[in-house]
Amino acid sequence: MRHLKRTAKLGRTGEHRNAMLANLVCSLIKERRVTTTLAKAKAARSVAEKLLTLAKRGSLHDRRLVSARLRQDEDAVRMLFQELAPAHKERRGGYTRILKLAQRQGDAAQVAILEWVDTALTTTPEAPKEKPATETAPAAATEAPAAKPPEAAAEDKTTPASDQK
Amino acid sequence: MGVPKRKPSHSRQRQRRAYNSVLKLPQLSTCPQCAAPYVPHRVCPACGYYKGRQVVSVQALG
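Residues numbered from 1 in each chain as written. Chains lettered and ligands numbered in written order. Predicted model: local features only at pLDDT ≥ 70, side-chain atom pairs only at ≥ 80, totals over all residues. Heavy atoms only, no water.

### Structural notes on the overall build of chain B
Broken down by element type, chain B carries two helices and four strands. For 62 residues, the compact-globule formula gives about 11 Å, and the C-alpha radius of gyration of chain B, at 21 Å, lies well above that figure. With the principal axes as the frame, chain B shows a C-alpha extent of 60 × 30 × 15 Å. At a minimum sequence separation of 6, the contacts of chain B that also span at least 24 residues come to 0%. Of the roughly 5100 Å² of accessible surface on chain B, a fraction of 56% belongs to carbon and sulfur atoms. (Helix = DSSP H or I, 4+ residues; strand = E, 2+ residues; numbered from the N terminus. Rg over C-alpha atoms; globule rule 2.2 N^0.38 Å. Contact = heavy atoms within 4.5 Å. Areas by Shrake-Rupley, 256 points an atom, 1.4 Å probe, with all protein chains shown as cover.)

Rendered as structure tokens:
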């Protein structure tokens with residue numbers, strides 16, 4: 001019986017949902033961070049944490065289970081086992097973090113960032129727009145041209161628009 | 001096709017809209033980083049900070 005077994009269905013059939021979550025988790029593994037709706041982030045979090053637990057155990061059987069769940073995306077499996085599992089070695093569960101963003105223009109959906117806790121992206125602190133204009137206008141003006149290009153390039157990588165439909 | 005028989009009276013119209021005066025904006029906090037108003041437990045849309053950490057680039061958000 002299916003009593004009380006709750007799953008976030010996300011308006012999809014089981015196959016569609018499993019495929020979508022596999023894609024989303026593959027993106028999360030490769031890009032370290034995905035921006036998606038809150039409901040999808042919560043569903044993908046459950047999958048991602050279970051796979052990372054398998055990866056930390058790290059046997060051949062575990063590797064095959066992960067590969068099956070990720071639809072044999074072997075690049076993602078390799079990154080999960082070789083990069084993410086050692087990074088989260090000391091952490092006992094709670095490997096991912098969900099950050100809520102503002103509502104999306106267009107459909108007012110709740111949008112969130114899903115990311116790994118222990119592989120922190122180096123998002124360079126950028127000066128908030130209002131403050132430097134009043135306080136450190138000359139200093140900001142000299143630094144800004146030099147700082148801009150690498151920062152902008154880094155941002156393209158860190159926040160992919162990876163809302164898997 | 002079913003069509004309304006009468007136009008709603010002024011009273012009905014006002015009753016329907018009475019609740020609109022109760023609607024309010026969500027509770028907003030002031031961002032400790034940039035002093036802009038933001039919804040609690042969300043990343044600040046003005047500066048991209050959350051819990052004292054830059055989590056998202058405002059330029060990337062657009």
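There is more to say after this.
### Some details on the packing of aromatic side chains
Inspection of the entire model under this criterion finds zero aromatic pairs over all chains. A cation over an aromatic ring shows up here: A:Arg63 above the ring of A:Phe81, its NZ or CZ 4.5 Å from the ring centre. (Phe/Tyr/Trp six-rings, centres within 6.5 Å; stacked < 30°, edge-to-face > 60°. Lys NZ or Arg CZ within 6 Å of the ring centre and 35° of its normal.)

### Overview of the sheet that holds strand 1 (residues 33-37) of chain A
Residue and element names in this part refer to chain A. Reading across from one edge, 1-3-2 is the order of the three strands in this open sheet, with antiparallel pairing throughout. The open sheet is flanked by strand 1 and strand 2 (96-100), the only strands paired with a single partner. Taken over all neighbouring pairs, the strand axes of this sheet differ in orientation by 25 degrees on average, direction set aside. Pairing of strand 2 with strand 3 (residues 111-116) involves five bridges; the strand directions are antiparallel. When the bridges of strand 3 are listed, Ile98 appears paired with Leu114. Helix 1 (residues 14-31) contacts strand 1 and strand 3 of the sheet and is inclined by roughly 145 degrees relative to strand 1. (Pairing = 2+ DSSP bridges. Axes fitted to C-alpha atoms, helices over the stretch in contact; angles between N-to-C directions.)

### Quick look at the pairing of strand 1 of chain A
Residue and element names in this part refer to chain A. The element strand 1 is largely enclosed, with a buried count of four among its five residues. Here strand 1 runs beside strand 3; their pairing, made up of five bridges, is antiparallel. When the sheet's bridge partners are listed, Arg33 is paired in strand 3 with Glu115. (Buried < 20%, exposed > 50% of the residue type's maximum accessible area, 1.4 Å probe, protein only.)

### Some remarks on a nonpolar patch on the surface
Residue and element names in this part refer to chain B. Taken together, the side chains of Tyr19, Val22 and Leu23 present a nonpolar region at the surface, about 330 Å² in accessible area. Mapped onto the secondary structure, Leu23 falls in the loop between helix 1 (10-18) and strand 1 (29-30). Residue Leu23 is classed as exposed on the basis of its relative accessible area of 53%. (Patch = residues over 30% accessible without salt bridge, like charges linked within 9 Å, V, L, I, M, F, W, Y side chains within 5 Å. Salt bridge = Lys/Arg side-chain N within 4 Å of Asp/Glu carboxyl O.)

### Let's talk about the nonpolar core
Counting 31 residues, the largest nonpolar core has A:Leu70, A:Leu80 and A:Trp116 as the members making the most contacts within it. Those elements giving two or more residues to this core turn out to be helix 1, helix 2 (38-57), helix 4 (74-87) and strand 3 of chain A. The element best represented in this core is helix 2 of chain A, accounting for ten residues. Every residue in contact with A:Trp116, bar those within four places of it in the chain, is listed here: A:Leu28, A:Ile29, A:Arg32, A:Ala48, A:Leu52, A:Leu80, A:Leu84, A:His88, A:Tyr95, A:Thr96 and A:Arg97. Listed in part, the eight residues of the second largest apolar core include A:Val111, A:Ile113, B:Val43 and B:Val56. (Core = buried A, V, L, I, M, F, W, Y, C linked by side-chain atoms within 4.5 Å.)

These values are about where atoms sit, not about what they do.
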